[in-house]
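Geometric and topological summary
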Amino acid sequence: MGDRPTVAGQGTAGRRSDADHESRIAQLRRQLAVMSGQPDRLSAERPDVSVIPVPVALEPLFPAGGLATGAVLACDGARSVLLSLIASASASGRRVGIVGMPRLCLLSAAELGADLSRIATVPYPGADPVEVASVLLDGMDVVVLNLAGASVPPSRAKVLMGRLRKRSSTLIVTGGQWPGVRTSIDAEVTGYRNSLSHSISGSGSGRSGMGRIGGMRLRVSAVGRGRCRSGVDVELVADGFGASRRVGMVRTDGYRSVAADPVLEVAN
Amino acid sequence: MGDPSSRGVSGPRSPARRVLALWCPDWPASAAGAAADLAPDVPVAVLHANRVVACSAAARRSGVRRGMRNRQAQAACPKMVLAGSDAGRDGQWYEPIVAAVTEVVPTVEVLRPGLLVIPLTATLCRHLGDEQAIAERLTDVIGACGAEASAGVADEMFTAVLAARRGQCVEPGGDAAWLAPLPIAELAVESAFGGHERTELVDLLRRLGITTIGAFAGFPIRDVATRFTADAVAAHRLANAVPDRGPVGGRIQEDLLIEYDCDPPIDRVDAAAFVGRRLADELHRRLAAMSVCCTRLTVEAVTQLGQRHTRTCRAVAPLTADDIACRVRWQLDGWLTGGRGTHGQRPDSPIALLRIDPVEVIDSGAMHYTLSGHGLPESESDGERARAVLARVQGLLGGDAVKIPVLSGGRGPSDQVRLVTLGEDSVPHHDRSAPWPGRLPQPSPATLAEAAVAVLDPDGDPVRVSARGAFSAEPALVVGHRTWSVRWWAGPWPTGLDGTARAQVLLDDTRALLLHYRSEHWIVEGIYE
C-alpha cells in the first residue's frame, strides 16, 4: 500500500520515506559497529527482538525490557515471580502453556492479572515433559516447563531451541538444568507483610493472631549470558477491599548489584 | 438461515424467509382410492382402530367425518369403500408426486405423505417468478399427477401448512396476526407438528376457556412453561410464529462414513499418516460435494485381533482436509507409539481397519463467520495454532491431559480454579459472584499442597479448633517430615458449619503456610512463596 505514493498521499509518503531513511542509516551504523568488533551487540540486537511484557517491577532484570522471544529463561525459587510472568504474558494476549506443574496455583496468577482463558495446562505430561513442551512450542507463545529435577542433554536442547527461534516463542524452564539459558531468574522470600500492621511480620513485629498475610517481600535476582548478577527487591501487595481488591507487584528499592548490597533483612 | 436472500440484496418480493406448503387433502383416502383404482367421486374412508382417520370429499358430502366409528360412517354413507390405514401405501403413492415436484424445485421436505414444504429462496423466485406463480405451477404439477393440492405461503412452516389448508397466502411478518383468530383446535390438526399430547393440550385449553390460538399466544411463555408440559411450550412457539427451523432442502443424506481395509495391516506411524491423509482427502471431497462441513469427527481404528481405539474430536470451525488428516495422524501416532503418557497402551496387533465417521455435519451455508473480534471460529492464526497443538498433546497423552483453568466459586485456593478438560464446556463448578463467607482475601498462596501435618502447642499437645472457632492452645510447632517452630500465626477462620477452618502460620525457615483443619487433622493447603 505504501510502496506506491498517490498524488493525494504525497506528503505522508515523503515523511515516511524520511523516517525509513533514518532508521536504515541507524541500522547500517549498528551493523558497522558490530562488524568492527565494538561491544555494541546489545543495542544492535535489540530493535529486532520482539518482547513479551513482564511486570513493570521486574523490567530492570530483563535487558530487552521483557521476555525475549526465541530464548530460554530459567525461573526458580519463589513461585510468585513465575506466576507474575505468566500473568503479564497472558494479560498481553499471549498464549501460555504450562507443562508439569500441577501444584501451581493459577488463582494466584489470576489475582496478578492473568487472563486464564489464554492459559492451558498439562499437569501430568508423562515420562517425557520435554516432548510435550516441544509440541506446545509450535502453537503457544510462552511455554513453562517443569523439568522435575532432570537435566536436558545439549543435543536435545539444541533441536528444541532451533524450533523456539523459528516460532519466536519463549520457553521458561524451572526445576532443572537446561543448557543455553539466556537469563536465569531466582527469587526468594525475604519477609511477609501483615495486612493489619502493614509491616513485615516476623522478628517480633507482628503479633500472632492478628491480621492475615497481606503480601510478601521478594528478592529477585537475574544472571545472564554476558552480564553480571543484578537484583531487585519487589513487594507483592494486596490493596483494596471486596471486589476491588487487587494484588500488585511494586519495587521497593533501586536497581543495584546484589554483590554490593549488604543483606539487610535476613529471613525474619 | 444461510440462504443468500438473508443478505437483503434481493427485492422486497422475497424477504428473508418464506415457506411454501403444498397440502393434498385427505391423502390417505386418495391413496387408498388410487390403490384400489377407484374413480375420484367414489366415497372412500380409511379406518384405523375402528375409527375414520381420513375420508374422501364425496364421503364427507354424505356426512362422514374424521373420528367417526365404522358403523356410524357406514350408516351415513352405505356405498362407501372402506380401507385400512397403511402408511406404506400413503408413502408409495405420494412418491411420484414428490418426484414431479422435485423436477421443478429441487429442495423439498416431505413432512408426511400428503404434505410437503419448500423453502422459497431468492434464487427460486428469480427462476420461477413470485410466490403466487410458484404455488400455481406446483399445484398444476401435482394436478397432472392425478391428485389435488392446495398451496399456502407464510414465514413459518406451521403457519404455511395451516394456510395451505385454506389456500391462502399470509403476508410477510403477519404470521402471528393471521393465526390469532383461528380456533385452538388448529394447533393439533396437523399430526406432523404434534401428536397425541397436543390433542390433549388442546382439549385442556378449550376446557379452560381458551378458544383461539391468539388467546393462547397471548400468555407469557414463562406461565405456559410452568403450568403445562414441554409440548405446550412448543405449541406456544408455533402459536406465536416464533422463528423455528426452516425446511431442510431435500438433499439425500448419503452415508458419509469412510472405511478402509488396511492391506497390509499398518503398524508404523508414517504408513498410518499416509493412509489417514488419503482418507481425509476422500472424506473432504465427499463433504464438499454435498456442501456440508464437518464439525465433529470420530476416528476409529480396529486391529487384527479386534481391539478398538476410538476418539471423537469436535471442532468449532469446520474441519478442513488438512485438519482431518492431522487428527487422524495424531491419534494413530499417539496410539502406535504406545502413548508417551502414563496410561498409554499399545495396540495388540497391527491396524486392519480404519474408519472415519463425520458424526456431526452442518450445512456449509449455515456457518456464520464474524468479520473480526472474538468471533466463533477465532480465525486469527495463533488461536488456530494453539488449538492444534493442544489437540496434538491430547493425541499423545490422552484426552484428559490438557486442562483449561476456569475461575470458579469456592473458599479454598484449589476450589476457586476449576481445571476443565480441553474440549469440554468451560463452566465453573459454582457461581463465583456468590458471597462465599470464609473465603480468604488475596493474595492466595502461589503453590498448592496437600500434605498432612501435626500442629502442636508448646506442651506438645495437638492444637484443635473448638466449636466456637478458636484454637484450643497457641500453636508453637508444625510437624511434618521435620519439625518447624511457628514464628507467627493467624486464624483460625471457620470456613463453614462443618467444623473446618483455615489458618496461616509462618515457619522459622521463612515459609508461610495456609493450613486447613478438617476432621480434626491439619493439612497444608498452600505455600505463600
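Description of the structure in this document. The structure displayed is predicted, hence computed values, not measured ones.

1. A few points about the overall build of chain B
Each helix and strand counted, chain B has 15 helices and 19 strands in total. Buried residues in chain B amount to 47% of all 529 residues. Total accessible area on chain B stands at roughly 26000 Å², and carbon and sulfur atoms take up 52% of it.

2. Describing the overall build of chain A
What chain A contains, in helices and strands, is 6 helices and 12 strands. A sequence separation of at least 24 residues applies to 61% of the contacts in chain A between residues at least 6 apart. Just so you have it, chain A exposes about 13000 Å², and 53% of that area is on carbon and sulfur atoms.

3. Considerations on the packing of helix α13 (residues 269-289) of chain B against helix α14 (residues 321-336) of chain B
Residues and elements named next belong to chain B. Where α13 meets α14, the closest approach of the two axes is 8 Å, and the angle between their N-to-C directions is 150°. Classified by the angle their axes make, α13 and α14 are roughly antiparallel. Between α13 and α14 the crossing geometry is right-handed. Listed contacts from α14 to Val 269, Ala 272, Ala 273, Gly 276, Arg 277, Ala 280, Asp 281, Leu 283 and His 284 of α13 are Ala 321, Asp 322, Ile 324, Ala 325, Val 328, Arg 329, Leu 332, Asp 333 and Leu 336. By residue class, the composition of the contact of α13 with α14 is 11 nonpolar, 2 polar and 5 charged.

4. Description of the interface of chain A and chain B
Between chain A and chain B, the residue contacts involve 53 residues of the former and 49 residues of the latter. Of the roughly 4500 Å² buried between chain A and chain B, counting both surfaces, carbon and sulfur atoms make up 62%. In terms of surface lost to chain B, no three residues of chain A exceed A:Leu107, A:Arg212 and A:Ile213, which account for 16% of the buried area on that side. Applying the counting rule to chain A against chain B returns 0 salt bridges.

5. Overview of the sheet that holds strand β7 (residues 150-154) of chain B
Residues and elements named next belong to chain B. Spatial ordering of the open sheet is given by β5-β6-β1-β7, a layout of 4 strands whose pairing is antiparallel. Edge positions in the sheet fall to β5 (109-112) and β7, since each of these pairs with one other strand and no more. Adjacent strand axes in the sheet meet at a mean angle of 25°, parallel and antiparallel pairs treated alike. For strand β1 (residues 18-23) and β7, the ladder comprises 5 bridges, and the chain directions are antiparallel. Paired with Leu 20 across the bridge in β7 is Val 153. Across the sheet, helix α4 (residues 87-104) is in contact with β1, β5 and β6 (115-120); its angle to β6 comes to roughly 15°. Of the strands in this sheet, β1, β6 and β7 touch helix α6 (residues 131-144), which is tilted by about 25° from β1.

6. So, the sheet that holds strand β4 (residues 81-84) of chain B
Two pairing modes exist for strands in a sheet, parallel and antiparallel, and in both the strands are linked by backbone hydrogen bonds. Residues and elements named next belong to chain B. Here 3 strands make up an open sheet; going across it, the order is β3-β2-β4 and the pairing mixed. One side of each edge strand has no neighbouring strand; the edge strands of this open sheet are β3 (51-55) and β4. Direction aside, the axes of adjacent strands within the sheet are offset by 35° on average. Examined bridge by bridge, strand β2 (residues 44-48) and β3 share 4 bridges and lie antiparallel to one another. Note on β3: the bridge partner recorded for His 48 is Arg 51. Across the sheet, helix α1 (residues 27-35) lies against β2, β3 and β4, angled at about 110° from β2, the strand it touches most.

7. Some thoughts on helix α12 (residues 230-239) of chain B
Residue and element names in this part refer to chain B. Those residues of α12 that sit buried are Asp 231, Ala 232, Ala 235, His 236, Leu 238 and Ala 239. Down the axis of α12, the smallest arc covering the buried residues is 160°, so these residues share one side. Lining the buried residues of α12 we find α7 (157-166), α8 (175-179), α9 (196-207), α10 (213-217) and α11 (221-227). Phi turns positive one or two residues past the end of α12, at Ala 241, with a value near 55°.

8. Re the nonpolar core
Grouped together as the largest cluster of nonpolar side chains are 59 residues, with contacts concentrated most on A:Leu58 and A:Val220. In terms of residue count, helix α3 (residues 79-91) of chain A provides more of this core than any other element does, 7 residues in total. Excluding its chain neighbours within four sequence positions, the residues that come into contact with A:Leu58 are A:Val81, A:Ser84, A:Leu85, A:Val220, A:Val232, A:Val234 and A:Met249. Within the second largest apolar cluster, 34 residues are counted, among which are B:Trp23, B:Val161, B:Ala163 and B:Phe193.

9. Points about the packing of α4(B) against α6(B)
Residue and element names in this part refer to chain B. The interhelical angle for the contact between α4 and α6, taken along N-to-C directions, is 145°, at an axis separation of 9 Å. For the crossing formed where α4 meets α6, the hand is right-handed. For the pair formed by α4 and α6, the contact residues are Ile 97, Ala 100, Val 101 and Val 104 on the first element and Arg 137, Leu 138, Val 141 and Ile 142 on the second.

10. Describing the packing of aromatic side chains
Enumeration according to the criterion identifies 5 aromatic pairs over all chains in this entry. Aromatic pair B:Trp27 and B:Tyr94: ring centres 5.2 Å apart, planes at 70°, arrangement edge-to-face. With B:Trp27 in helix α1 and B:Tyr94 in helix α4, this pair connects stretches of sequence that are 67 residues apart. With respect to class, B:Trp27 is no different from B:Tyr94; both count as buried. Judged by centre distance (5.3 Å) and plane angle (80°), the rings of B:Phe158 and B:Phe193 are edge-to-face. Here B:Phe158, found in helix α7, pairs with B:Phe193, found in the loop between α8 and α9; they are 35 residues apart in sequence, far enough to count as distant. The rings of B:Phe471, B:Trp489, B:Tyr517 and B:Trp522 are connected pair by pair, giving a single aromatic cluster. Positioned above the aromatic ring of B:Trp493, the side-chain terminus of A:Arg212 is 4.2 Å from the ring centre.

11. A short note on the side chain of A:Ser221
Residues and elements named next belong to chain A. Note that Ser 221 resides in strand β10 (residues 213-224). What makes Ser 221 buried here is its relative accessible area of 9%. Side chain to side chain, Ser 221 and Arg 229 meet in a polar contact 2.8 Å long.

12. Topic: α1(B)
Residues and elements named next belong to chain B. Restricting attention to buried positions, one finds in α1 the residues Trp 27, Ala 29, Ala 31, Ala 32 and Gly 33. On the buried face of α1, the contacting elements are β2, β3, β4 and α4. Downstream of α1 by one or two residues, Asp 37 has phi in the positive range, about 60°.

13. Some remarks on the environment of B:Gly88
Counting through the fold element by element, B:Gly88 comes out in helix α4. Separated by 25 residues in the primary sequence, B:Gly88 and B:Pro113 place their C-alpha atoms 9.4 Å from one another.

14. Brief notes about the pattern of salt bridges
Residue and element names in this part refer to chain B. Counting across every chain of the model gives 27 salt bridges over all chains. Between Asp 231 and Arg 198 there is a salt bridge, and its shortest N-O distance comes to 3.0 Å. Here Asp 231 is found in helix α12, whereas its partner Arg 198 is found in helix α9, with 33 residues between them in sequence. Assigned by exposure class, Asp 231 and Arg 198 land together as buried. Here Arg 518 makes a salt bridge to Glu 450, at a shortest N to O gap of 2.8 Å. Here Arg 518 is found in strand β18 (residues 512-518), whereas its partner Glu 450 is found in strand β14 (residues 447-456), with 68 residues between them in sequence.

15. Considering the side chain of A:Arg193
Note on placement: A:Arg193 falls in strand β8 (residues 183-194). Here A:Glu235 takes part through its side chain, which lies 2.8 Å from a polar atom of the side chain of A:Arg193.

16. Considering unusual backbone geometry
All names here are of chain B. Geometrically, the link from Asp 263 to Pro 264 is a cis peptide bond, its omega value of 0° lying close to zero. Relative to the helices and strands, Pro 264 is located in strand β8 (residues 258-266). Backbone torsion omega between Gln 442 and Pro 443 reads 0°, so that peptide bond is classified as cis. Assignment of secondary structure puts Pro 443 in the loop between β13 (417-421) and β14. Non-glycine residue Trp 436 carries a positive phi angle of around 50°. Counting through the fold element by element, Trp 436 comes out in the loop between β13 and β14.

Conventions used here
Residues numbered from 1 in each chain as written. Chains lettered and ligands numbered in written order. Predicted model: local features only at pLDDT ≥ 70, side-chain atom pairs only at ≥ 80, totals over all residues. Heavy atoms only, no water. Helix = DSSP H or I, 4+ residues; strand = E, 2+ residues; numbered from the N terminus. Buried < 20%, exposed > 50% of the residue type's maximum accessible area, 1.4 Å probe, protein only. Areas by Shrake-Rupley, 256 points an atom, 1.4 Å probe, with all protein chains shown as cover. Contact = heavy atoms within 4.5 Å. Axes fitted to C-alpha atoms, helices over the stretch in contact; angles between N-to-C directions. Parallel < 35°, antiparallel > 145°, perpendicular 65-115°, else oblique. Left-handed = near helix turned anticlockwise from the far one by under 90°. Nonpolar A, V, L, I, M, F, W, Y, C, P; charged D, E, K, R; others polar. Buried area = accessible area lost by both parts, 1.4 Å probe. Salt bridge = Lys/Arg side-chain N within 4 Å of Asp/Glu carboxyl O. Pairing = 2+ DSSP bridges. Arc of directions from axis to C-beta. Core = buried A, V, L, I, M, F, W, Y, C linked by side-chain atoms within 4.5 Å. Phe/Tyr/Trp six-rings, centres within 6.5 Å; stacked < 30°, edge-to-face > 60°. Lys NZ or Arg CZ within 6 Å of the ring centre and 35° of its normal. Polar contact = N/O pair within 3.5 Å; in protein donor to acceptor, adjacent residues only side chain to side chain.

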